[in-house]
Every structure is written in structure tokens, then in C-alpha cells.
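Survey of secondary and tertiary structure
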Amino acid sequence: MGTVANIYDNGPISPIARVKDNLSIYTTKKWFHYRVEYIEPWPRSSPLRVDIVALAGAANIAANGTLAKRIVPLLQVTDGEMLHVRFEPLDDVEGAVYEQPGTGKFISRNTPARVDLASSLRDPYLAGSTFFILGFQREMNLEVFNPNPIALFQARFQFRGIRYIIETIVPQLPAGTTDKQREEVIRRLGEGDKETVAQYIGPTTWLPAEGR
Amino acid sequence: MSYLIQSGRYAGMTAKAGNVSGPAGAFAIPGLVITIGVLSLLHTLPVGRSFYVTKIMWYNPGVAATLAFGTLSNAAALVPMFPLQNALAGLNGALLEEELTAAEFMLNSTAAPNGWDGNLYVAASIALIQITVEVAEKS
């Protein structure tokens, strides 16, 4: 605990924390603090496979064309749940991840990276495709590109990962704490101030889940 | 339709059938190409990629013929990449990966007559020869 571990390591996927560990998650430009209550695997299997051409209701993905970014329903979760996901295309297409429609993931200033058919060869455990989904209506969006000079009739993607159930930690402040002091502690917890987190949350695993 | 090659000299590339079909390769759908007696397209090079030919299969229902496989120069002439093949009357023929040199098909935008488009073509001496190819695309 207390370190970022196994999140983007180039190895097989494994839980980033254990049951009853604390988890501090960076999302919407703030740190939120949770306790892991439950973990289960989400194995690679046919229900976790989606054909984006069919999902889009399209006849095909055009030659050198794009299927606009869209929510992938199999990745939707409820509040209190978190998915830790890796993915790959099964057809010769490329996928770009968006944290909700507005913010690209795996990006530099000008360019989003994509996961393609060859990603698994250089990165056999697909660690470089890792992303997280936390809670209801916080879905990822997937944009698909066809690098071929012909239309393709399938653009299948396979997902797998780990599912967590997490509980929000309510910091226990000493009796007599004023409202102003409470606000300051909450502000510092949101900033991810390490000393404040150590004092009011305890040892935690820092998870930079979303870069927005 | 395609798969990642995991071992051998083309490891890391994507194997797939030629991405055109029909008379002279007129349809942008993978499948069987039927020659028309002059140039026929067998595979179109995707933007930003190159490829090697890993298999060629044909059937000649007509008289004895020849097949020249290559790419198209920017002066619209065939640039042969492999030796001329005999397509004997009424027989099948095939060239496998071990029999094909690792000629890399890629775009060369140099002005004619030096450059070429990088697509795979066949110049058949007769029409109606059936041809399919398999390629390994580097990306």
C-alpha cells in the first residue's frame, strides 16, 4: 500500500489493491478516497466482446473511415463499482478511448494514441491499453478507425479486466473541529495532499484513473 | 479476415487475403480475382503500410498462359517483382511463402518512370484465370 503498483506495469493484469485497502482515485481533477470492499475477475469471454459496426447500426466501417465515438454498453457500471479494463481489436481496426466524449485518453497535446491489432505483440498483456471506469454515467467512449482501403463489415473489440466494489471513506475529524477546519481538510483531501491523506484516510494506493 | 502473425519472418504483421475481387479486381471486397487479359489488381496498399506476398494461388481454365506479378509504375506500366510464371491449361498453380522472395510492396512517390504505387497487380496473358493472394501487412 501507499504506492502506485501494477497499474500500468508491463505484465499480466492483477488487482491494484486488496480488499479493505484504501484507494485514492484521481478523476475530474480531484482526488477521491475509497475503501475496496470486493474484487472479482472479469475474464476474457464472448459477452465482453462487441462489434462496433453492429453497435453503431452501420452496414460497415468505410474504407479509411471512422465510426464516431460511442458508449460501449457492456462497460457500463453502477455507482460504487469500478472496472479495471484492458482491450484489443480482433479485426484490423484501431480503437481510441475517450473518457466521456470530450476527453481523449492515451494522448499527447495533439495526438491520441490507438490500440491496434499489433499492440498485443509488443505488449502481450496489453498493459498499455489499461483504463478504468468508475461509477454510473461515467462511461468510456470508443472511437474506431479503419486503416484499410476497403470497407470492413466487422470491427470487433475484446475487453477483460477486474471489477471492484468500493465505498467512499468519510474522514473522521476530531470532536470540536470547526466548519472552517473541516472544509480545509476536505479541500486538502481533494488536492491529494499526502500528509492530510495519511492523517485522515491512512495508507492508500494512488490511482490516476482519469487524466482530465 | 485477418490475423496477427506470431512467429516466422513475418511475425508482427497482419495476414490477410488480397483486398479486392471480381473481374480485374474491380470490387473492393476480399475474394477471387478473375483476370481480363491485361492488368488486374490483386491487393491495394493501405495508407502508411507496406506488405509482402505470402501466397498466390491460381486456376487456369483456358489455354496455356503466363502470369507476371508486380506493382504499377507511376507511368502506369507493370513493374514485375517475381519471375514470370507459367499457368498451364486446365491446371492449378500456387506459390507459397517459402517460394516467394521477400519483396516489400510499398509506395514510392518518385515521379514516373521511377516511382510506383505499391499495389499488387498481375498481368495475365489471357482472361478468366482465377487468382487469390495472401499478404502480410506491416504496420
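Structure shown above.
Before going into details, it helps to say that this report is about the structure given with it.

How each quantity is defined
Residues numbered from 1 in each chain as written. Chains lettered and ligands numbered in written order. Predicted model: local features only at pLDDT ≥ 70, side-chain atom pairs only at ≥ 80, totals over all residues. Heavy atoms only, no water. Helix = DSSP H or I, 4+ residues; strand = E, 2+ residues; numbered from the N terminus. Buried < 20%, exposed > 50% of the residue type's maximum accessible area, 1.4 Å probe, protein only. Contact = heavy atoms within 4.5 Å. Areas by Shrake-Rupley, 256 points an atom, 1.4 Å probe, with all protein chains shown as cover. Lys, Arg positive; Asp, Glu negative; His and termini not counted. Charge placed at Lys NZ, Arg CZ, Asp CG, Glu CD. Phe/Tyr/Trp six-rings, centres within 6.5 Å; stacked < 30°, edge-to-face > 60°. Lys NZ or Arg CZ within 6 Å of the ring centre and 35° of its normal. Core = buried A, V, L, I, M, F, W, Y, C linked by side-chain atoms within 4.5 Å. 1 Å grid on protein atoms, 1.4 Å probe; cavity = no way out; pocket = protein on both sides within 12 Å on 5 of 7 lines; lining within 4 Å. Points joined across faces, edges and corners; volume = space filled by probe spheres on them. Nonpolar A, V, L, I, M, F, W, Y, C, P; charged D, E, K, R; others polar. Pairing = 2+ DSSP bridges. Buried area = accessible area lost by both parts, 1.4 Å probe. Salt bridge = Lys/Arg side-chain N within 4 Å of Asp/Glu carboxyl O.

**Focus on the overall build of chain A**
Regarding its fold elements, chain A presents 4 helices and 11 strands. With respect to the three principal axes, the spread of C-alpha positions in chain A is 70 × 30 × 30 Å. Every one of the 212 residues in chain A was classed for burial, and the buried ones make up 48%. Pairs at least 24 residues apart make up 77% of the contacts formed inside chain A by residues separated by at least 6 positions. Accessible surface for chain A amounts to roughly 10,400 Å². Of this, 51% is attributable to carbon and sulfur atoms. The average position of the 24 basic charges and that of the 24 acidic charges among the side chains of chain A differ by 2 Å.

**Thoughts on unusual backbone geometry**
At L126 of chain A, a residue that is not glycine, the phi angle is positive and equals roughly 60°. Here L126 of chain A is to be found in the loop between α2 (119-122) and β8 (131-134). Phi is positive for A76 of chain B, which is not a glycine, with a value near 65°.

**What to know about the packing of aromatic side chains**
All names here are of chain A. Inspection of the entire model under this criterion finds 9 aromatic pairs over all chains. Between Y26 and W31 the ring centres are 5.2 Å apart and the planes differ by 55°, which places this aromatic pair in the tilted class. Take Y26: its relative accessible area is 25%, and that puts it in the partly exposed class. The class for W31 is buried, based on a relative accessible area of 17%. Between F87 and F131, the aromatic rings sit 5.7 Å apart at their centres with planes inclined by 75°, giving edge-to-face as the arrangement. You can see F87 sitting in strand β5 (residues 81-89) and its partner F131 sitting in strand β8, a full 44 residues away along the chain. Note on accessibility: F87 and F131 belong to one class, buried. In this structure an aromatic cluster arises from ring pairing among F87, F131, F157 and F159. In this arrangement the basic side chain of K69 is found over the ring face of Y98, its NZ or CZ atom lying 4.1 Å from the centre. Above the face of the F145 ring, R114 is positioned so that its terminal group lies 3.4 Å from the ring centre.

**A word on the nonpolar core**
In terms of nonpolar packing, the biggest core is built from 28 residues, with I56, W58, L67, F69, I129 and I131 of chain B touching the most fellow members. The set of elements that each furnish at least two residues to this core consists of β5 (39-43), β6 (50-59), β7 (65-72), β11 (120-124) and β12 (127-138) of chain B. Counting residues in hydrophobic clusters, the runner-up holds 26 residues, among them L48, I61, V144 and I150 of chain A.

**So, the layout of surface pockets**
Residue and element names in this part refer to chain A. Size it by volume and the largest pocket reaches roughly 190 Å³. Taken together, K30, W31, F32, H33, Y34, T168, I169, P171, I186, L189, G190 and I201 form the lining of the largest pocket. Among the secondary structure elements, those contributing two or more residues to the lining of the largest pocket are β2 (30-42) and α3 (179-191). Ranked by residue count, the leading element in the lining of the largest pocket is β2, at 5 residues. Broken down by class, the residue content of the lining of the largest pocket amounts to 8 nonpolar, 3 polar and 1 charged.

**Things to note about the sheet that holds strand β6 (residues 94-99) of chain A**
Strands in a sheet are paired, the pairing made by backbone hydrogen bonds, and the direction either parallel or antiparallel. Residues and elements named next belong to chain A. The antiparallel open sheet is built from 4 strands, whose spatial order is β4-β9-β6-β7. Each edge of the open sheet is held by one strand with a lone partner, namely β4 (66-71) and β7 (103-104). Taken together, the 4 bridges between β4 and strand β9 (residues 140-145) define a ladder with antiparallel strand orientation. Among the inter-strand pairings, T66 is bridged to a residue of β9, identified as F145.

**Regarding the interface of chain B and chain A**
Counting from both sides, the interface comprises 18 residues of chain B and, opposite them, 15 residues of chain A. Sorting the residues of chain B by area buried against chain A places M1, L4 and R49 of chain B first, and these three jointly supply 33% of that buried surface. Scanning the region where chain B abuts chain A turns up 2 salt bridges. In this structure, the salt-bridge partner of D92 of chain A is R49 of chain B, at a minimum N-O distance of 2.7 Å.

**Comments concerning the pattern of salt bridges**
Within the structure shown, the criterion is met by 17 salt bridges over all chains. In this structure, the salt-bridge partner of R156 of chain A is D91 of chain A, at a minimum N-O distance of 2.8 Å. Placement of the pair is R156 of chain A in strand β10 (residues 156-168) and D91 of chain A in the loop between β5 and β6, with a sequence separation of 65 residues. Assessed through its relative accessible area of 28%, R156 of chain A is described here as partly exposed. With a closest N to O distance of 3.0 Å, K16 of chain B and E137 of chain B form a salt bridge. With a gap of 121 residues between them, K16 of chain B in strand β2 (residues 14-17) and E137 of chain B in strand β12 connect regions that are remote in the sequence. When sorted by exposure, K16 of chain B lands in the same class as E137 of chain B, which is buried. Through salt bridges with shared partners, a single network forms among D92 of chain A together with K16, R49 and E137 of chain B.

**Section: empty space enclosed by the protein**
Residues and elements named next belong to chain A. In total, this model carries 1 cavity of 30 Å³ or more according to the counting rule given. For the largest cavity, the calculated volume is near 80 Å³. Lining the largest cavity are 14 residues, and of these E99, F132, I133, R138 and E210 lie nearest its centre. At the level of secondary structure, the elements contributing two or more residues to the lining of the largest cavity comprise β6 and β8. With 4 residues, the single largest contributor to the lining of the largest cavity is β8.

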